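# Chains, contacts and geometry: an overview
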Amino acid sequence: MSTTAITNIGSLVTNDPALGDGTPLGLIQDAAVVIDGDRVAWVGPADKAPAADAVHDAQGRAAIPGFVDSHSHLVFAGDRTAEFNARMSGHSYSAGGIRTTVAATRAASDAALEANLVRHLHEARRQGTTTFETKSGYGLTVQDEARALRIAAAHTEEVTYLGAHIVSPDYADDPAGYVDLVTGEMLTACAPYARWVDVFCEKGAFDGDQARAILTAGAAAGLIPRVHANQLSYGPGVQLAVELEAASADHCTHLTDADVDALAQAAGTTVATLLPGAEFSTRAQWPDARRLLDAGVTVALSTDCNPGSSYTSSMPFCIALAVRDMGMTPDEALWAATAGGARALRRTDIGVLTPGARADLALLDAPSHVHLAYRPGVPLVSAVWQKGLKTA
């Protein structure tokens with residue numbers, strides 16, 4: 001197996017304080033990374049790097065772990081430009097717009113859905129994302145949910161069953177019947193393709209009792225819970241996520257002090273995943289990342305890439321929003337977009353650049369990771385390695 005040394009790195013983010021300067025980012029200046037196969041074999045000062053079969057000169061660029069996007073909705077068809085235009089013209093966002101994408105997704109072929117997924121994956125990778133989670137939730141029938149997960153599972157290990165995105169239009173007059181379907185026949189068909197189970201616990205979607213039933217059934221089928229929680233209003237989602245030891249409570253926009261305390265107490269189990277693209281695209285209240293971080297909550301950043309409320313695949317953009325509008329420092333935002341996302345997926349092999357970790361990293365056309373927030377909107381990612389292979 002051949003080795004590659006990426007050397008002459010101006011500033012290397014390892015996310016391991018013991019390897020670097022003692023900060024959470026574990027920074028090493030004038031650094032090198034040696035890759036052996038799909039793994040990191042060595043990191044440290046460039047002048048101490050072991051010999052390798054091939055050398056890539058970073059020319060003083062900063063290097064960071066590949067972004068870990070732990071929340072996206074990429075198996076879909078159709079376009080919701082008109083809905084976005086209406087919001088930007090003064091109409092408010094509600095969960096009901098999902099039905100538009102459901103109709104388009106049901107009508108699309110498997111090939112069309114997969115081609116759209118792959119297009120977004122390539123788009124995200126060019127911007128430094130090397131791990132992504134994605135969900136079903138735009139089919140809402142047994143067949144359409146299962147095929148969405150089957151398509152997703154061909155491209156990522158991190159697949160989430162979200163039959164409980166909204167109540168299917170087919171069950172508009174029988175929400176209880178739809179919950180029975182989601183926890184019964186649909187779950188049976190979908191569980192073989194998924195690692196996670198999710199529910200949109202929100203007004204207009206599923207209440208606390210319905211969400212509990214769905215997550216409990218998913219857990220009984222071997223899936224790990226995560227929750228769309230407290231996005232549009234105050235509600236039971238965060239408390240339910242903590243109670244059921246969900247891997248993440250996602251959105252976390254409307255939080256009581258009790259919600260923040262619960263997330264802080266569960267910091268080793270349940271990650272608060274913040275999705276600033278959704279607030280940007282809906283002109284909604286920003287999540288208060290500073291409040292969460294100061295309380296000791298583990299925070300992740302993700303894109304929430306979806307056609308309705310956050311149609312961006314750019315983790316750098318979300319980092320810039322988190323720094324500008326959510327009270328995060330550039331260091332905190334980068335950690336949340338890499339190691340934080342890994343925590344939300346309960347992974348230790350990604351989101352870090354340490355010996356034995358998966359060799360996922362990005363080079364920036366900048367001397368420091370701070371430029372991700374300092375130069376918003378600029379395509380700074382110049383090269384990407386995923387599982388040890390240079391892909392962009």
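You'll find the structure just up there.
Residues numbered from 1 in each chain as written. Predicted model: local features only at pLDDT ≥ 70, side-chain atom pairs only at ≥ 80, totals over all residues. Heavy atoms only, no water.

### A word on the environment of Gly-222
By secondary structure assignment, the location of Gly-222 is in the loop between helix H7 (208-220) and strand S10 (224-229). Spatially, the C-alpha atoms of Gly-222 and Arg-119 are 31 Å apart, while their sequence positions differ by 103 residues. (Helix = DSSP H or I, 4+ residues; strand = E, 2+ residues; numbered from the N terminus.)

### Focus on the environment of Leu-363
Of note, Leu-363 is situated in strand S14 (residues 361-364). Using a relative accessible area of 1% as the deciding quantity, one classes Leu-363 as buried. Separated by 199 residues in the primary sequence, Leu-363 and Ala-164 have C-alpha atoms spaced 38 Å apart. Here Leu-363 is in contact with Ile-6, His-56, Ala-58, Arg-61, Ala-62, Ala-63, Leu-380, Val-381, Ser-382, Ala-383 and Trp-385, once residues within four sequence places are set aside. (Buried < 20%, exposed > 50% of the residue type's maximum accessible area, 1.4 Å probe, protein only. Contact = heavy atoms within 4.5 Å.)

### With respect to empty space enclosed by the protein
Across all of its chains, the model carries two cavities of 30 Å³ or more by this definition. Considered as a void within the structure, the second largest cavity measures approximately 50 Å³ in volume. In terms of lining residues, the second largest cavity is bounded by Asp-69, Ser-72, Leu-74, His-120, Leu-121, Ala-124, Thr-129, Phe-132, Thr-303, Cys-305 and Ser-313. Per-element accounting of the lining of the second largest cavity gives the leading share, three residues, to helix H3 (residues 110-126). For the lining of the second largest cavity, the class distribution of residues is five nonpolar, five polar and one charged. (1 Å grid on protein atoms, 1.4 Å probe; cavity = no way out; pocket = protein on both sides within 12 Å on 5 of 7 lines; lining within 4 Å. Points joined across faces, edges and corners; volume = space filled by probe spheres on them. Nonpolar A, V, L, I, M, F, W, Y, C, P; charged D, E, K, R; others polar.)

### What about helix H2 (residues 98-107)?
Considered for burial, the residues of H2 that qualify are Ile-98, Thr-101, Val-102 and Thr-105. Along the axis of H2, the buried residues cluster in a sector spanning 110°; they form a single face. The secondary structure elements touched by the buried residues of H2 are H3, helix H4 (142-153) and strand S9 (196-201). (Arc of directions from axis to C-beta.)

### A short note on H7
Given 3.6 residues to a turn, an α-helix orients residues that are three or four positions apart in the same direction. Taking 1.5 Å of rise per residue, 13 residues should cover 18 Å, and H7 covers 18 Å from first to last C-alpha, within 8% of that figure. Listing the buried residues of H7 in full gives Gly-208, Gln-210, Ala-211, Ile-214, Leu-215, Ala-217 and Gly-218. Buried residues in H7 make contact with strand S8 (158-164), helix H5 (175-183), helix H6 (185-190), S9, S10 and helix H8 (237-243). The N-cap residue of H7 is Asp-207: its side-chain oxygen and the backbone nitrogen of Asp-209 are 3.2 Å apart. Of the residues trailing H7, Gly-222 is marked for its positive phi of about 95°. (Expected span 1.5 Å × (residues − 1). Polar contact = N/O pair within 3.5 Å; in protein donor to acceptor, adjacent residues only side chain to side chain.)

### A few points about the packing of aromatic side chains
Across all of its chains, the model carries five aromatic pairs by this definition. Geometrically, the ring pair formed by Phe-76 and Tyr-138 is edge-to-face, given 6.4 Å between the ring centres and 75° between the ring planes. Pair noted here: Phe-76 is in the loop between strand S6 (67-69) and helix H1 (81-88) and Tyr-138 is in the loop between strand S7 (129-135) and H4, with a separation of 62 residues, a long-range link. Each member of the pair Phe-76 and Tyr-138 is classed as buried. The interplanar angle of 25° and the centroid separation of 6.4 Å between the aromatic rings of Tyr-178 and Phe-206 together place this pair among those described as stacked. Of the two residues, Tyr-178 sits in helix H5 while Phe-206 sits in the loop between S9 and H7, which places them 28 residues apart along the sequence. Note on accessibility: Tyr-178 and Phe-206 belong to one class, buried. Above the face of the Trp-196 ring, Arg-226 is positioned so that its terminal group lies 4.3 Å from the ring centre. Stacked on the ring of Trp-385, the Lys or Arg Lys-390 has its end atom at 6.0 Å from the ring centre. (Phe/Tyr/Trp six-rings, centres within 6.5 Å; stacked < 30°, edge-to-face > 60°. Lys NZ or Arg CZ within 6 Å of the ring centre and 35° of its normal.)

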